[in-house]
Every structure is written in structure tokens, then in C-alpha cells.
Amino acid sequence: MSVPEDRPVISLRDVSKRYVKYDDQPMLANALKLRARSRRSTLLALDNIDLDIAKGESVGVLGRNGAGKSTLLQLLCGVTAPSTGVVSVRGKVAPLISVGVGFHPELTGRENVYVNGTILGMKSAEIDRRLDSIIDFAEVEEFIDTPVKFYSSGMFVRLGFSVAVAADPDVLLVDEVLAVGDFAFQLKCFARMQEIRAQGTTIVVVSHNINVIRGFCDRALVMSHGQKVFDGATFDAISEFYNVVGREAKEDLYGVGDLATHGADIESLSLHHAGTGEPVLHFDTGDEVLLRLRVKATTDIANPVMGMTITTESGTVVYSDTNLMTPFPPLQTGEIGEYEMRLVLALPSGGFLATASFHSADGGNSVLLGRAVPVTFYVSGRDLTSGVADLGGSFRRAGP
Amino acid sequence: MLRELWAARHLLVILARKDFYVRYRRTVLGVVWAVGVPLVQAVVLALVFTHVVGIGRSYAASDHEYAVFLYAALVPWNYIANAGPTASTAIVDNVALAGKIYFPRALPVLVTAASAIYPFTIGIVLLLLMSVVVGSGIGISFLLVIPGAALAMLFVVSIGLCLSALHVYFRDIRYIVMAVLSVGFYLTPIIYPLEKLQDSHHVLRDLLAAGPAAGPIEIFRAATVGSDSALGLAVTACLVWCVVFGGVGFWLQCRRDRVFVDLL
């Protein structure tokens with residue numbers, strides 16, 4: 001495509017998107033009650049966004065759920081129009097949003113490649129030419145003439161990704177798709193996306209996975225409540241993102257609820273700063289933290305114990321521990337107990353989940369009594385560290 | 001809008017073909033059903049009206065003629081009755097795709113009208129066979145089925161453009177269409193000829209001829225059993241319906257195209 005280098009490929013001017021939330025009641029019933037209008041409410045999903053993205057840039061978009069990330073992507077791929085302002089995207093846009101959209105379960109892999117490829121703007125002749133490389137990349141040679149409903153979810157995703165990247169777009173929009181498929185294929189996808197990037201394709205990535213954005217984007221935006229609160233280098237954006245989520249997460253300080261009640265009601269699970277005792281959800285690497293579990297016994301518990309697990313947002317267990325061998329004192333029916341685990345957060349930047357369970361120990365075995373709703377917390381780590389744990393490495397020259 | 005639709009023509013063809021094939025997947029006989037169902041309908045009509053009941057004689061020259069007369073109306077009616085409701089809900093029914101990627105929202109409407117061409121064509125071929133075997137043969141006038149089929153498609157597209165856009169806002173459309181169709185079967189000259197009403201109920205005849213589906217049906221009759229005196233009126237009326245629905249539909253699609261998805 002002959003796109004002049006000096007003009008941005010993507011440009012948003014004063015873009016706002018307002019959704020009208022309609023009532024679920026039938027229209028007629030509402031009209032009869034004469035209050036239909038008053039029950040409509042609006043939601044400002046994007047608030048006055050200005051954005052320019054130049055050709056060949058790859059830009060990440062960070063934000064909590066509901067910050068407006070998906071709406072932004074929808075505007076970029078033209079699925080919906082802004083309420084006010086102007087969105088202009090030049091060139092062929094391929095959304096890599098939920099790959100395999102448009103796959104019909106009854107059709108074979110080959111037929112679906114044609115349907116999906118055409119949806120993505122390829123001509124039949126182009127698909128003919130690229131069919132072999134699409135099939136090859138997706139590693140589904142022997143199943144290509146099988147209906148895709150018999151595919152494993154991994155095969156499904158691989159074929160979808162393979163078609164989408166074959167479409168050779170000017171702008172590639174990526175939304176959480178790389179979280180699927182096995183690890184080997186993820187690496188392959190990354191490699192392919194790096195190639196696409198090297199070809200000068202403009203890429204916009206929306207992901208909760210900080211590592212994807214860190215590894216892929218030179219620049220990132222941070223969205224909060226429909227506004228662009230930060231736009232700059234990826235590293236700065238990531239730390240700004242954790243500041244924002246730390247502030248915003250205040251309302252969810254306590255995980256309240258019980259996922260399995262068999263003898264104890266979990267009243268709450270919370271994280272406290274060990275120094276101040278304040279309940280918080282945003283920490284720095286190396287902070288000392290108290291995980292506090294509040295339980296009400298509904299039976300007599302002779303040997304109460306707690307279990308605590310910390311996982312990454314994608315579910316990898318970082319740390320799990322229990323006091324099974326050193327139970328707490330007995331708890332009577334109706335009595336409330338508060339239990340604590342103290343630990344040091346040797347974690348890098350990222351979102352993590354703390355989950356807790358309450359058991360009664362019975363000679364080395366444990367009987368599950370209750371399980372708390374997980375609490376999400378965020379860590380601002382040291383620059384340039386990544387992984388599941390921060391082992392506190394330091395560098396020096398050791399030789400002559 | 002037109003330019004976008006034109007750009008999406010490959011997509012239209014491939015989606016229409018997909019629709020057709022998917023419908024007969026997992027059946028033992030496969031695409032044979034596309035011929036089988038209308039064939040059974042045609043044979044039953046032919047048998048019932050030539051051997052069982054003598055109702056046809058009061059409407060047509062003979063019972064044989066009546067079977068053809070009836071089938072000539074059923075072929076376009078089946079097309080309208082199958083594709084019409086699907087086209088009217090096409091935008092909402094394609095929400096999974098529409099939410100992820102942009103294509104002109106009117107496209108699924110065209111896809112529905114297009115994918116139903118396959119069974120429509122089969123019906124026309126069967127009508128041809130029936131005219132030859134059961135009826136009194138065919139002449140060059142049989143070629144009139146082509147404008148007849150074109151008019152039926154134009155009608156389905158016009159009504160689909162209009163109703164599918166309204167359906168996004170008023171989900172009642174789906175049920176209204178179903179209700180109108182079941183009444184429409186009797187208000188459309190399918191089982192009776194308009195000519196019979198010409199002397200006794202002049203106004204009623206004109207009203208029925210002005211019904212939207214009468215146009216294609218009367219052309220199909222002209223192609224097989226001979227034209228009705230109401231042919232001109234019926235075709236003109238159908239074209240007017242097409243212009244009105246199509247015009248409103250096109251205007252709605254152009255204006256609301258990009259915001260439909262917010263309401264799906």
C-alpha cells in the first residue's frame with residue numbers, strides 16, 4: 001500500500017462513545033407506563049480521546065475491565081461508529097479479535113479458511129495461493145478436510161490465527177488472542193507477529209498480559225474510565241497502569257464470599273500492608289503483606305488450618321502454603337476467627353490473585369470447610385524485571 | 001453504501017454458498033433434499049388434485065391444470081416465505097460476526113436472499129417438469145419465470161433491508177412477520193385465481209392483486225397456465241412495495257449501519 005509515511009495510519013480526534021442502556025422490559029409495557037425515557041441510562045465508554053498512530057508503530061493498550069479498551073478496538077476496526085469525533089484508519093484492517101470468528105462447526109477446516117479469509121478481505125485466488133502456508137502454520141494438515149467441530153480448541157485457535165495473519169493487513173488489531181493455544185504455538189505466533197511488525201504493519205495490542213505488551217510494543221496507552229490517562233513509552237505506561245489500578249481497586253478491597261461451605265463461612269479475605277495495617281491492593285516489590293482471613297464456624301472445628309495460594313492472572317501458581325502441621329486453636333460453632341499469614345511479596349510487576357481456603361486438620365489429612373473468593377492485587381515492580389517471581393537479582397562485574 | 005456492498009460481493013457469494021451447504025450437512029441424502037422436499041410437494045399436489053379432490057375444476061380448465069396453477073404460485077411463495085423471515089432478522093442473527101469485524105450490515109440480508117436461490121431454482125425446474133408432464137406443456141412464455149424470480153428476489157431484498165433494520169430496535173418484528181405470513185398465504189392469490197373475483201368483487205380483487213406477493217405469483221402463472229387479467233396491477237403494485245420498503249430500508253441501512261452493533 002502506498003501510504004505516505006508522514007501521515008498517521010490511525011487518527012482519532014475528540015472521539016467519544018456513549019452507549020444507551022435500554023431497559024429489558026418490552027417496549028409496549030414501558031410505553032404504557034409512560035416512563036420509558038426516564039429508565040434509559042447512558043454509559044460513556046470513551047471520553048474525548050485523541051490518538052495518532054504512525055505507520056509501523058506497535059502500540060499497547062492497558063486498562064482494567066471496563067476502561068474502554070474493547071470499545072477502542074471496535075472503533076478502530078469500524079464495527080461501531082463514535083458518538084462524536086472522527087476516527088480515521090487508513091488501509092486494510094484485520095482484527096485478530098477472538099480468532100476463528102465466523103468459523104462454522106459443520107464446515108471443514110479448508111472450507112472455513114475460505115469463508116474466514118474472505119471475511120478478512122482476501123480474494124479467492126489469494127487464499128488459493130496461501131492455503132498451503134496457512135495449513136502448514138496451523139499444523140492441521142491431516143485434519144484440514146474434517147469439520148472443525150472435531151478440532152481440539154488448540155487446533156481451532158491455530159487455524160484462526162493462521163488465517164488472520166495470512167490476510168496481510170496494514171493494521172493488525174490484537175485482542176487477548178495469544179493467551180490461548182499451547183506454549184510452543186504461542187511462541188510461533190509471537191515470532192510471526194514480530195515478522196509482521198518488521199514488515200511495517202501497524203499493530204495495536206489490547207491485553208491484560210503485561211508481558212505481551214512489554215515484549216511487543218514500543219509505546220502504550222493507559223485507559224481509565226474511558227479516558228486516556230497516559231500515552232508514552234511502554235515501561236512508563238506499565239508502571240502508570242499499576243498506579244491507576246492500585247487507586248481504582250480501592251472499592252474491591254475485601255473479597256467477600258464463600259465458594260464452598262461445608263462447616264465454616266468465609267466472611268472476608270483481605271490484604272494488608274504489614275507496616276501500617278491498612279487494607280490495600282497495590283504493593284511494591286518486597287513489601288511485607290498480611291493476608292487476613294475472617295471465618296465464622298458453623299460446626300465445632302478441633303484443628304482449624306488455613307491454606308493460601310498466590311497465582312498470576314493467567315493461573316500459574318507462584319506460591320502455595322498451609323499450616324496443616326501446626327493447626328490453630330479449636331473454634332466453636334458460631335465463633336468468629338481471624339487468621340493471618342505474613343509474607344514478603346517477591347513478585348515482579350503484574351496482577352496477581354490471592355485465594356484462601358479453610359480446613360480442619362485430621363491427622364495429616366485435611367477436610368475442606370470453606371474457600372474464599374479470590375482477591376486480585378497489583379504489584380509495581382522494579383523496572384525491567386519480568387517473570388512470575390522477583391528473586392532480587394543484582395549485577396556486578398566479578399572478574400578482571 | 002453501494003460501493004461497500006459491491007466491494008463485499010465475493011463475501012456474499014461465499015457466504016451464500018456456505019449457508020446452502022451447511023443446511024444439508026449431516027443429512028444422509030445431503031443436497032438431494034434440496035430437490036426432494038419440493039419434489040414431494042409437487043407430486044402430492046399433482047396427485048391430490050388430479051385423483052382425489054375435484055376442487056380445481058371450479059378454478060381451472062381441469063384438475064391437472066389446477067395442480068400446475070397451484071404449484072406455479074407455491075414456487076415463488078415458498079421462496080418469499082422462507083427467505084423473507086430470515087432476511088428480516090438477518091442483522092440480529094449475525095451478531096457474533098458483526099461484533100468482531102466490519103462488513104456492510106445489509107450483507108446478511110443479501111446473503112439470505114441469495115442462498116435461497118438454490119432451492120428456488122430447483123423449484124422452477126420442477127415446475128417446468130410438472131407443466132410438461134401433468135399440465136398442458138410449455139411455450140416460450142415459460143421464460144417469464146426469470147423476471148418473476150427476479151421480482152420475488154427484489155421483494156425479499158427490499159423487505160429484508162427495511163425489516164432487518166427495524167428488527168434491531170423492535171424485536172417484535174420477528175413475530176409480526178410470522179403472523180403476517182400465515183395470514184398472507186390466504187390473502188395472496190395462491191390457491192384461488194384473482195380472475196374469479198373480477199365480476200363479483202371488483203374492489204376485493206384489486207386489493208388482493210395489490211398485495212406485495214401477488215406480483216411474482218402472477219408472473220409465474222403467466223409463464224405456465226396463462227396470465228390473469230390482474231397481472232399488470234399485481235406487478236405494478238409489487239414494484240411499488242419494493243420501492244417503498246427498499247427505499248426506507250436503504251435509507252435506514254445507510255444511516256444506522258455503524259451503530260446497529262451497539263444494540264445487538
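Since this is a predicted model, take the numbers as computed values, not measurements.

1. Considering the overall build of chain A
Thinking step 1. Helices and strands together make up the secondary structure of chain A, namely eight helices and 19 strands.
Thinking step 2. A total of 400 residues make up chain A; the buried ones form 49% of that total.
Thinking step 3. For chain A, restricting intrachain contacts to residue pairs at least 6 apart in sequence, the fraction spanning at least 24 positions comes to 71%.
Thinking step 4. Carbon and sulfur atoms make up 52% of the accessible area of chain A, which totals about 18,600 Å².

2. Focus: the pairing of strand 15 (residues 317-322) of chain A
Residue and element names in this part refer to chain A.
Thinking step 1. Pairing of strand 14 (residues 304-312) with strand 15 involves five bridges; the strand directions are antiparallel. In the sheet register, I310 faces strand 15, and the bridge partner there is Y319.
Thinking step 2. Two successive antiparallel strands, strand 14 and strand 15, enclose a turn made up of four residues, where G315 displays a positive phi of approximately 100°.

3. Describing the packing of aromatic side chains
For any two aromatic rings, the description comes down to two numbers: the centre-to-centre distance and the angle of the planes.
Residue and element names in this part refer to chain B.
Thinking step 1. One pass over the structure, following the stated rule, counts 13 aromatic pairs over all chains.
Thinking step 2. Considering the side-chain rings of W77 and F185, the 6.0 Å spacing of their centres and the 65° angle between planes classify their relative orientation as edge-to-face. Residue W77 is located in helix 4 (residues 63-88), and its partner F185 is located in helix 10 (residues 173-187); the two are separated by 108 residues in the primary sequence.
Thinking step 3. Note on F185: relative accessible area 24%, which makes it partly exposed.

4. Some points on the interface of chain B and chain A
Thinking step 1. On the side of chain A, 27 residues touch chain B, which itself brings 22 residues to the contact.
Thinking step 2. Summed over both partners, the interface of chain B with chain A comes to about 2,200 Å²; 67% of that surface belongs to carbon and sulfur atoms.
Thinking step 3. When residues of chain B are sorted by the area they lose upon contact with chain A, R25, K100 and I101 of chain B head the list and together hold 26% of the total.
Thinking step 4. Linking chain B with chain A are zero salt bridges.
Thinking step 5. At the boundary of chain B with chain A, the tally comes to one residue pair in polar contact (both at pLDDT 80 or more).
Thinking step 6. Elements with a minimum of two residues in the side of chain B that touches chain A: helix 2 (9-24) and helix 6 (95-98) of chain B.
Thinking step 7. Counting residues per element, the side of chain B that touches chain A draws most heavily on helix 2 of chain B, at six residues.
Thinking step 8. Residue composition of the side of chain B that touches chain A, by class: 13 nonpolar, two polar and seven charged.

5. Some remarks on empty space enclosed by the protein
Which parts of space are left empty comes out when a probe the size of a water molecule is rolled across the atoms.
All names here are of chain A.
Thinking step 1. Counted under the stated rule, the structure contains two cavities of 30 Å³ or more.
Thinking step 2. The volume enclosed by the second largest cavity comes to roughly 70 Å³.
Thinking step 3. Lining the second largest cavity are R214, F235, I238, S239, Y242, S349, S380, G381, R382, D383 and L384.
Thinking step 4. Tallying contributions element by element places helix 8 (residues 234-248) first for the lining of the second largest cavity, with four residues.
Thinking step 5. Residues of the lining of the second largest cavity, tallied by class, amount to four nonpolar, four polar and three charged.

6. With respect to a nonpolar patch on the surface
All names here are of chain B.
Thinking step 1. A surface patch of nonpolar side chains, amounting to about 520 Å² of accessible area, comprises V28, L29, V32, W33 and V37.
Thinking step 2. Inspection of the secondary structure assignment puts V32 in helix 3 (residues 32-52).
Thinking step 3. Classification of V32 as partly exposed rests on a relative accessible area of 48%.

7. Looking at the nonpolar core
Thinking step 1. By size, the foremost hydrophobic cluster in this structure holds 122 residues, and its most contacted members are L62 of chain A together with Y71, Y79 and F220 of chain B.
Thinking step 2. Of all the elements, helix 4 of chain B adds the most residues to this core, at 15 residues.
Thinking step 3. Once residues within four sequence positions are removed from consideration, Y71 of chain B is found in contact with P38, Q41, A42, L45, G123, L126, L127 and M130 of chain B.
Thinking step 4. Membership of the second largest hydrophobic core comes to 31 residues, among which are L271, V280, A356 and F377 of chain A.

8. What to know about the environment of G249 of chain B
Residue and element names in this part refer to chain B.
Thinking step 1. Counting through the fold element by element, G249 comes out in helix 13 (residues 231-256).
Thinking step 2. Taking the C-alpha atoms as reference points, G249 and G139, 110 residues apart in sequence, are found 38 Å from one another.
Thinking step 3. The residues touching G249, leaving out its near neighbours within four places in the chain, are L161 and C162.

9. A few points about the environment of Y66 of chain B
Residues and elements named next belong to chain B.
Thinking step 1. Locating Y66 in the fold gives a position in helix 4.
Thinking step 2. For Y66, a relative accessible area of 1% gives the class buried.
Thinking step 3. Expressed as a C-alpha distance, the spacing of Y66 and V134, which sit 68 residues apart in the sequence, is 9.8 Å.

10. Quick look at the packing of helix 9 (residues 145-169) of chain B against helix 10 of chain B
All names here are of chain B.
Thinking step 1. Taken N-terminus to C-terminus, the directions of helix 9 and helix 10 make an angle of 135°; their axes are 9 Å apart at the nearest point. It follows that helix 9 is oblique to helix 10 by the angle criterion. Two secondary-structure elements touch here, helix 9 through L163, L166 and H167 and helix 10 through I173, R174 and V177.
Thinking step 2. In terms of residue class, the contact of helix 9 with helix 10 is built from four nonpolar, one polar and one charged.

11. Some remarks on the pattern of salt bridges
Residue and element names in this part refer to chain A.
Thinking step 1. Summed over all chains, the structure comprises 18 salt bridges over all chains.
Thinking step 2. For R219, the salt bridge goes to D231, with nearest N and O atoms at 2.9 Å. Placement of R219 in strand 8 (residues 219-224) and of D231 in strand 9 (residues 227-233) is noted, with a sequence separation of 12 residues between them.
Thinking step 3. Residue classification places R219 among the buried positions, given a relative accessible area of 14%.
Thinking step 4. Linking E267 and R294 is a salt bridge whose minimum nitrogen-to-oxygen distance equals 3.5 Å. Note that E267 is positioned in strand 11 (residues 264-273) and R294 in strand 13 (residues 288-297), a separation of 27 residues in sequence.
Thinking step 5. What emerges from the salt-bridge pattern is a single network uniting E57, R219, K228 and D231.

12. Quick look at the domain arrangement of chain A
Thinking step 1. According to the domain assignment, chain A contains domain 1 (58-76 + 89-241) and domain 2 (249-380).
Thinking step 2. Taking only C-alpha atoms into account, the centre of domain 1 of chain A sits 37 Å from that of domain 2 of chain A.

13. Description of helix 2 of chain B
Thinking step 1. The first and last C-alpha atoms of helix 2 of chain B sit 24 Å apart over 16 residues, in line with the 22 Å expected at 1.5 Å per residue.
Thinking step 2. Just downstream of helix 2 of chain B lies R26 of chain B, where phi reads positive at about 70°.

14. Side note on a negative patch on the surface
Thinking step 1. The grouping of D132, D136, E141 and E142 of chain A at the surface amounts to a negative patch.
Thinking step 2. The class for D136 of chain A is partly exposed, based on a relative accessible area of 48%.

Quick notes on the rules
Residues numbered from 1 in each chain as written. Chains lettered and ligands numbered in written order. Predicted model: local features only at pLDDT ≥ 70, side-chain atom pairs only at ≥ 80, totals over all residues. Heavy atoms only, no water. Helix = DSSP H or I, 4+ residues; strand = E, 2+ residues; numbered from the N terminus. Buried < 20%, exposed > 50% of the residue type's maximum accessible area, 1.4 Å probe, protein only. Contact = heavy atoms within 4.5 Å. Areas by Shrake-Rupley, 256 points an atom, 1.4 Å probe, with all protein chains shown as cover. Pairing = 2+ DSSP bridges. Phe/Tyr/Trp six-rings, centres within 6.5 Å; stacked < 30°, edge-to-face > 60°. Buried area = accessible area lost by both parts, 1.4 Å probe. Salt bridge = Lys/Arg side-chain N within 4 Å of Asp/Glu carboxyl O. Polar contact = N/O pair within 3.5 Å; in protein donor to acceptor, adjacent residues only side chain to side chain. Nonpolar A, V, L, I, M, F, W, Y, C, P; charged D, E, K, R; others polar. 1 Å grid on protein atoms, 1.4 Å probe; cavity = no way out; pocket = protein on both sides within 12 Å on 5 of 7 lines; lining within 4 Å. Points joined across faces, edges and corners; volume = space filled by probe spheres on them. Patch = residues over 30% accessible without salt bridge, like charges linked within 9 Å, V, L, I, M, F, W, Y side chains within 5 Å. Core = buried A, V, L, I, M, F, W, Y, C linked by side-chain atoms within 4.5 Å. Axes fitted to C-alpha atoms, helices over the stretch in contact; angles between N-to-C directions. Parallel < 35°, antiparallel > 145°, perpendicular 65-115°, else oblique. Domains from an automatic or database assignment. Expected span 1.5 Å × (residues − 1). Lys, Arg positive; Asp, Glu negative; His and termini not counted. Charge placed at Lys NZ, Arg CZ, Asp CG, Glu CD.

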